[in-house]
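Descriptive structure summary
The primary structure of each chain is shown beneath.
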Amino acid sequence: MSSPLTDLCPHPIVQAPMAGGVAVPQLAAAVSEAGGLGFLAAGYKTADGMYQEIKQLRGLTGCPFGVNVFLPQPEYADAAAVEVYAHQLAGEAGWYGAELGDPDSGRDDGYEAKLAVLLDNPVPVVSFHFGVPSREAIDSLRRAGTFTLVTATTAEEALAVERAGADAVIAQGVEAGGHQGTHRDIPENDGSGLGLLALVAQVRETVGIPIVAAGGIMRGSQIAAVLAAGADAAQLGTAFLATPESGASALHKQALTNPLFVRTELTRAFSGRPARGLVNRFLREHGPYAPAAYPEVHHLTSPLRKAAAKAGDAQGMALWAGQGHRMARELPAGQLVHTLAAELDAARTALSAGGDAR
């Protein structure tokens, strides 16, 4: 069925806005050109850096695309706990010959400046992570002609998204790679996230706005499943991480199917906020002791992660990945969109005929 969300792209396939240099203009353009909805990640970039990538993307495609923005974070981190964690990481700094980052390098990720750019130079879609923007911000974007989405990890969060006036909600299951987009970071809730199908069903019964399902989706048959559960589209991140257009490092791409990395885990080790990544040495050694302190821990470990990547050491990198990472396919992004769409059609046909939907 047609909706303002599905009208943006022929296929109900959204490429997740993976921050940290993965969701680059080349990837977003390839996905949009193939009939999906490509996304840029503004997280960890300056407002001008975001603007330059938008200009580059517009030079690559005339199709709709989106930009993802991080919400500013409240100041509740325990400074003493961050200092203790910094002492624990001193050995890592010595090993890689790098200095630890300044944990007080900023909390708002340039949010207001980015919002100003997106209002002055409107893009088709803007999504938000780590909270709910103000109704004023959402209304301003709507007046500029921008469709808005906000991540939610519970039905209650989805209701807050709807009440704020957003056009659609991204229902993010616990299977998802990268950071969980919880509206409030509550350590007591670590590990209690809902699986995607249960979450989509609950969100569908709670809100009336369109739903984008995100978390562990790697095949067209899984897209069919979330659509049947009540979603309007599916968002895939790890599936696109392995594509040649992705800005992920070769080490990260190879790790997705490397038998050395057999599972994923939610961890605060790299950023201070729960995020799902491949279990490596850094995650095992530091995850149990990392404080709930985002973005302080992110700033603290940033030079270590960069040094590990430069040294070719995947054991010290943040290898973000969803639970379906072993199903990653090294296909060009456009071909992957077409393949997923064909798998979706096959699954729908099989289900309607009462056959095997695999």
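Everything quoted here is computed from the prediction, not taken from an experiment.

1. Describing the overall build of the chain
Each helix and strand in the chain was counted, giving 14 helices and 11 strands. Taken over the C-alpha trace, the chain has a radius of gyration of 19 Å; the compact-globule value for 358 residues is 21 Å, and the two agree within 12%. In terms of overall dimensions, the chain has C-alpha extents of about 60 × 45 × 40 Å along its principal axes. In the chain, which comprises 358 residues, the share counted as buried stands at 57%. Across the chain, the fraction of contacts at a sequence separation of at least 24, relative to all contacts at a separation of at least 6, is 69%. For the chain, the accessible area works out to roughly 14,400 Å², and carbon and sulfur atoms hold 54% of it.

2. Some details on the sheet that holds strand β7 (residues 178-179)
Pairing is antiparallel in the open sheet, where 3 strands are placed in the order β7-β11-β10. Edge positions in the open sheet fall to β7 and β10 (264-267), since each of these has one partner strand only. Direction of pairing for β10 relative to strand β11 (residues 275-278): antiparallel, over a ladder of 4 bridges. Considered in β11, the bridge of glutamate 265 is made with glycine 277.

3. Concerning the packing of aromatic side chains
Across all of its chains, the model carries 6 aromatic pairs by this definition. Here tyrosine 44 and phenylalanine 70 contribute two aromatic rings whose centre-to-centre distance is 5.3 Å and whose plane-to-plane angle is 80°, an arrangement assigned as edge-to-face. Separated by 26 residues along the polypeptide, tyrosine 44 in the loop between β2 (38-41) and α2 (47-60) and phenylalanine 70 in strand β3 (residues 65-70) bring together distant segments of the chain. On the basis of relative accessible area, tyrosine 44 is assigned to the partly exposed category, the value being 32%. With relative accessibility at 6%, the residue phenylalanine 70 sits in the buried group. For the ring pair phenylalanine 70 and phenylalanine 130, a centre distance of 4.9 Å and an interplane angle of 50° mean the geometry is tilted.

4. Examining the state of the cysteines
One way to say it: the disulfide is the covalent bond shared by the sulfur atoms of two cysteines. Taken as a whole and assessed by the stated rule, the structure comprises 0 disulfides. Cysteine 9 carries a free sulfur, and the closest cysteine sulfur to it, the one in cysteine 63, is 9.9 Å from it.

5. Looking at the pattern of salt bridges
For the coordinates displayed, the defined rule picks out 12 salt bridges. A salt bridge links arginine 281 to glutamate 92, with the nearest nitrogen and oxygen atoms 2.6 Å apart. In this pair, arginine 281 sits in helix α12 (residues 281-286) while glutamate 92 sits in helix α4 (residues 90-96), placing the two residues 189 residues apart along the sequence. No difference in accessibility class separates arginine 281 from glutamate 92, as the two residues are buried. Here arginine 281 makes a salt bridge to glutamate 285, at a shortest N to O gap of 3.1 Å. Here arginine 281 and its partner glutamate 285 are both found in helix α12, 4 residues apart, which amounts to about one turn of the helix. A relative accessible area of 19% means that arginine 281 is categorised as buried. A cluster of three or more residues bridged by salt bridges with shared partners is formed by Glu92, Arg281 and Glu285.

The rules behind these values
Residues numbered from 1 in each chain as written. Predicted model: local features only at pLDDT ≥ 70, side-chain atom pairs only at ≥ 80, totals over all residues. Heavy atoms only, no water. Helix = DSSP H or I, 4+ residues; strand = E, 2+ residues; numbered from the N terminus. Rg over C-alpha atoms; globule rule 2.2 N^0.38 Å. Buried < 20%, exposed > 50% of the residue type's maximum accessible area, 1.4 Å probe, protein only. Contact = heavy atoms within 4.5 Å. Areas by Shrake-Rupley, 256 points an atom, 1.4 Å probe, with all protein chains shown as cover. Pairing = 2+ DSSP bridges. Phe/Tyr/Trp six-rings, centres within 6.5 Å; stacked < 30°, edge-to-face > 60°. Disulfide = S-S within 2.5 Å. Salt bridge = Lys/Arg side-chain N within 4 Å of Asp/Glu carboxyl O.

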